[in-house]
Amino acid sequence: MSALKLVVTILQLLCGLAIIVAVLFQSGKSAGLSGAIGGVADSFLAKNKAKTLDAKLARATKWVGAVFLILTLILLIMG
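Model, not experiment: these values are computed from the prediction.

Student: Teacher, can you tell me more about the overall build of the protein here?
Tutor: Broken down by element type, the protein carries 3 helices and 0 strands. Walking the protein from its N terminus toward its C terminus, one meets helices and strands in the order α-α-α. When contacts within the protein are restricted to residue pairs at least 6 apart in sequence, long-range pairs at least 24 apart make up 89% of them. Accessible surface for the protein amounts to roughly 6,200 Å². Of this, 77% is attributable to carbon and sulfur atoms.

Next comes the structure, spelled out in structure tokens:
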């Protein structure tokens, strides 16, 4: 096993663990349904939705997932 393949494999393992941690720390999507009935109260919270921890975790999950996919393709090409 070449050194480059070992490094890519370790990076892929770390990305996989990061995805697992990020998904486990996110709250369920059904938690926001109770506020949908109120409507007015939800509009104030929607302005700062991008700054919440769940939004940051969702964004991190997407980016780390993309890196994981790229590393998987690299490992596939390396054989």
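Student: Looking at this model, I keep getting lost on the environment of M1. Mind explaining?
Tutor: Looking at the element boundaries, M1 is found in the segment before α1 (3-25). With a relative accessible area of 74%, M1 lands in the exposed category. When neighbours within four sequence positions are excluded, M1 is seen to be in contact with L6 and T9.

Student: What am I meant to see in a positive patch on the surface here?
Tutor: On the surface, K29, K56, R59 and K62 cluster together to form a positively charged patch. Of note, K29 is situated in the loop between α1 and α2 (40-47). What makes K29 exposed here is its relative accessible area of 70%.

Student: What is the right way to read the side chain of T61 from this model?
Tutor: Along the chain, T61 turns up in helix α3 (residues 53-78). A distance of 2.7 Å separates the side chain of T61 from the backbone oxygen of L57, its partner in a polar contact. Among residues more than four places away in sequence, those in contact with T61 are A22, V23 and Q26.

Student: Got a minute to help me understand the packing of α1 against α3 in this structure?
Tutor: Each pair of packed helices can be summarised by the angle the axes make with each other and by the distance between the axes. Two elements in contact, α1 and α3, have axes separated by 9 Å at closest approach and are oriented at 155°. Put simply, α1 runs roughly antiparallel to α3. Where α1 crosses over α3, the two elements pack in a sense that is left-handed. Within the contact of α1 with α3, the residues separate by chemical class into 17 nonpolar, 6 polar and 2 charged.

Student: What is the right way to read the confidence of the model for the protein from this model?
Tutor: Should the pLDDT be low somewhere, the predicted coordinates at that spot are not to be read in detail. Summing up the model confidence of the protein, the mean pLDDT is 83 and the portion of residues at 70 or higher is 73%. Per-residue pLDDT, averaged within each element of the protein, yields its smallest value for α2 (57) and its largest for α1 (94).

Cut-offs applied
- Residues numbered from 1 in each chain as written.
- Predicted model: local features only at pLDDT ≥ 70, side-chain atom pairs only at ≥ 80, totals over all residues.
- Heavy atoms only, no water.
- Helix = DSSP H or I, 4+ residues; strand = E, 2+ residues; numbered from the N terminus.
- Contact = heavy atoms within 4.5 Å.
- Areas by Shrake-Rupley, 256 points an atom, 1.4 Å probe, with all protein chains shown as cover.
- Buried < 20%, exposed > 50% of the residue type's maximum accessible area, 1.4 Å probe, protein only.
- Patch = residues over 30% accessible without salt bridge, like charges linked within 9 Å, V, L, I, M, F, W, Y side chains within 5 Å.
- Salt bridge = Lys/Arg side-chain N within 4 Å of Asp/Glu carboxyl O.
- Lys, Arg positive; Asp, Glu negative; His and termini not counted.
- Charge placed at Lys NZ, Arg CZ, Asp CG, Glu CD.
- Polar contact = N/O pair within 3.5 Å; in protein donor to acceptor, adjacent residues only side chain to side chain.
- Axes fitted to C-alpha atoms, helices over the stretch in contact; angles between N-to-C directions.
- Parallel < 35°, antiparallel > 145°, perpendicular 65-115°, else oblique.
- Left-handed = near helix turned anticlockwise from the far one by under 90°.
- Nonpolar A, V, L, I, M, F, W, Y, C, P; charged D, E, K, R; others polar.
- pLDDT = per-residue confidence, 0-100.

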